[in-house]
Amino acid sequence: MRKKVSKAVFPVAGLGTRFLPATKASPKEMLPVVDKPLIQYAVEEAIEAGITELIFITGRNKRAIEDHFDKAYELEAELVARHKNALLQVIHKIKPDAVQCFYVRQSEALGLGHAVLCAERLVQDQPFAIILADDLLDAPVGVMKQMVDLHAHYGSSILGVEAIPIEQSGAYGIVEGRPVADRLLKLDGIIEKPTPQQAPSNMAVVGRYILTPSIFRHLREIAPGAGGELQLTDGIAQLMKSEAVLSYQFEGRRFDCGTKQGYLQATVEFALRHPEVADEFRRFLAHLPTASTAAAHTITGDSDAASDTTAGAADKHRTLAVGSR
């Protein structure tokens, strides 16, 4: 009988320099998309997949993540005293009682492979998930649940992938393989950040993995790369030589919240479906100046319109989000 995936590793020790100064003293994983931090979306996806042990690989200035998933006695007492039962339920749902959280400090930023290796003692000999909170995946059925169901059938390591424009290959690990089922490849190779000319396909690995515990041996054996970092991709490439590794083109939409553009797109999209703010926010977007109006004001020297150079760009996203409804 195959072992169930019950543990997930969340590497959250990164500095989040793309979002400075917001992340100078606050974890990037705590950036909110409407009213929930990124890390909570990731945890909810894991819980939906039946995962009950959450392993956070943390660093300095990440204490807010621990506090978020801990009891908040003073806050809860205040909500009870003010009869704010709905908000109290929201707080209680952050971490169900059946779910356990563990925290491991990564003392040095030595790459994603090193962060995963920090979880070895807690994972032990179990298959486990890796979830990167920067990638906010929106799907009717959670992407990790899709992958856990596949693992229950195949028993192999599985990498979540999506098709990208080939010119973006230098930002991703790119896989090559042979189809074994719908959306599923048996991998022959994986290359970290190849040029478009080097890329064997346009299938890019995103922040969802299910790996067998054999990965730890390979991570200990590979040589560090630039800056002394251990690359998870290199460990997976070695894992492929001894056992089958699959890639799965998940069903859903990815928001790359490790970039400002992706983060803002996610915020708009999730706000437009939030029951408290959707209607009013949609009206607000509908009254923003259009790109052509802003450009016309700029050409004619209208200082009020010209000063708001971002309105046109925001309207592009408004047109996509509002027009699709």
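Scroll up to find the structure this text is about.
Everything quoted here is computed from the prediction, not taken from an experiment.

**Some points on the overall build of the protein**
A tally of regular secondary structure across the protein gives 14 helices and 13 strands. Of the roughly 16,900 Å² of accessible surface on the protein, 53% is carried by carbon and sulfur atoms.

**Quick look at unusual backbone geometry**
Residue L20 is joined to P21 through a cis peptide bond whose omega torsion reads 5°. With respect to the element layout, P21 can be found in the loop between β1 (7-11) and β2 (32-33). With a phi angle near 65°, N61 is a residue other than glycine that sits in the positive phi range. Structurally, N61 can be placed in the loop between β4 (53-58) and α2 (63-68). On the basis of relative accessible area, N61 is assigned to the exposed category, the value being 54%. The residue K193 is not glycine, and still its phi comes out positive at about 50°.

**Overview of the packing of aromatic side chains**
In this description, an aromatic ring pair is defined by two values, namely the gap between the centres and the angle between the planes. Under the criterion given, the structure shown has eight aromatic pairs. Taking the centre distance of 5.1 Å and the plane angle of 15° together, the rings of F56 and Y103 count as stacked. A residue pair is termed long-range when its members are at least 10 positions apart, and F56 in strand β4 and Y103 in strand β5 (residues 100-105) qualify at 47 residues. Here Y103 falls in the partly exposed class, since its relative accessible area comes to 28%. Taken together, F10, F56, F69 and Y103 form an aromatic cluster joined through their ring pairs. When the ring centre of F19 is taken as reference, the NZ or CZ atom of K260 above it lies at 6.0 Å. Against the face of F270 rests R273, its NZ or CZ located 4.8 Å from the ring centre.

**A word on the pairing of strand β9 (residues 173-181)**
Pairing of β9 with strand β10 (residues 184-192) involves eight bridges; the strand directions are antiparallel. Bridge pairing links I174 to I191 in β10. Between β9 and β10, which pair antiparallel in sequence order, lie two residues; one of them, R183, sits at a positive phi of approximately 70°.

**Section: the nonpolar core**
Grouped together as the largest cluster of nonpolar side chains are 34 residues, with contacts concentrated most on F10, I39, I51, L54, F56 and M144. Elements represented by at least two residues in this core include exactly β1, α1 (38-48), β4, β6 (128-131), α7 (143-154), β11 (203-211) and β12 (245-249). It is α7 that provides the largest number of residues to this core, a total of five residues. Setting aside residues no more than four positions away along its own chain, L54 makes contact with A8, F10, V43, A46, V99, Q100, C101 and F102. In terms of nonpolar packing, the next biggest core, distinct from the first, is built from 31 residues, I130, L219, L239 and V245 among them.

**Overview of the pattern of salt bridges**
What the rule picks out here adds up to 17 salt bridges. Here D125 and K3 are joined by a salt bridge, their closest N and O atoms 3.1 Å apart. With a gap of 122 residues between them, D125 in the loop between α6 (120-123) and β6 and K3 in the segment before β1 connect regions that are remote in the sequence. R282 is the salt-bridge partner of D279, the closest N and O atoms lying 3.9 Å from each other. Linking D279 with R282, this pair stays in helix α11 (residues 278-286), spanning three residues, or about one helical turn. Of the residues examined, R282 reaches a relative accessible area of 22% and is grouped as partly exposed.

**Focus: the side chain of K7**
With respect to the helices and strands, the residue K7 is situated in strand β1. Buried within the structure, K7 lacks any salt-bridge partner; its nearest side chain of opposite charge belongs to E53, at an N-O separation of 4.1 Å. When near neighbours in sequence (up to four residues on either side) are disregarded, K7 contacts I51, E53, I55, L122, V123, Q126, F128 and A129.

**Concerning α7**
Compared with the 16 Å implied by 1.5 Å per residue over twelve residues, the 17 Å span of α7 between its first and last C-alpha is a close match. Every buried residue belonging to α7 is among V143, M144, Q146, M147, V148, L150 and H151, and all of these are buried.

**Observations concerning the packing of helix α8 (residues 214-221) against helix α9 (residues 232-239)**
Where α8 meets α9, the closest approach of the two axes is 8 Å, and the angle between their N-to-C directions is 115°. As for how α8 packs across α9, the hand of that crossing is right-handed. Facing α8, whose interface residues are S214, I215, H218 and L219, α9 presents L232, G235, I236, Q238 and L239. For the contact of α8 with α9, the per-class residue count stands at five nonpolar, four polar and no charged.

Definitions and limits used
Residues numbered from 1 in each chain as written. Predicted model: local features only at pLDDT ≥ 70, side-chain atom pairs only at ≥ 80, totals over all residues. Heavy atoms only, no water. Helix = DSSP H or I, 4+ residues; strand = E, 2+ residues; numbered from the N terminus. Areas by Shrake-Rupley, 256 points an atom, 1.4 Å probe, with all protein chains shown as cover. Buried < 20%, exposed > 50% of the residue type's maximum accessible area, 1.4 Å probe, protein only. Phe/Tyr/Trp six-rings, centres within 6.5 Å; stacked < 30°, edge-to-face > 60°. Lys NZ or Arg CZ within 6 Å of the ring centre and 35° of its normal. Pairing = 2+ DSSP bridges. Core = buried A, V, L, I, M, F, W, Y, C linked by side-chain atoms within 4.5 Å. Contact = heavy atoms within 4.5 Å. Salt bridge = Lys/Arg side-chain N within 4 Å of Asp/Glu carboxyl O. Lys, Arg positive; Asp, Glu negative; His and termini not counted. Expected span 1.5 Å × (residues − 1). Axes fitted to C-alpha atoms, helices over the stretch in contact; angles between N-to-C directions. Left-handed = near helix turned anticlockwise from the far one by under 90°. Nonpolar A, V, L, I, M, F, W, Y, C, P; charged D, E, K, R; others polar.

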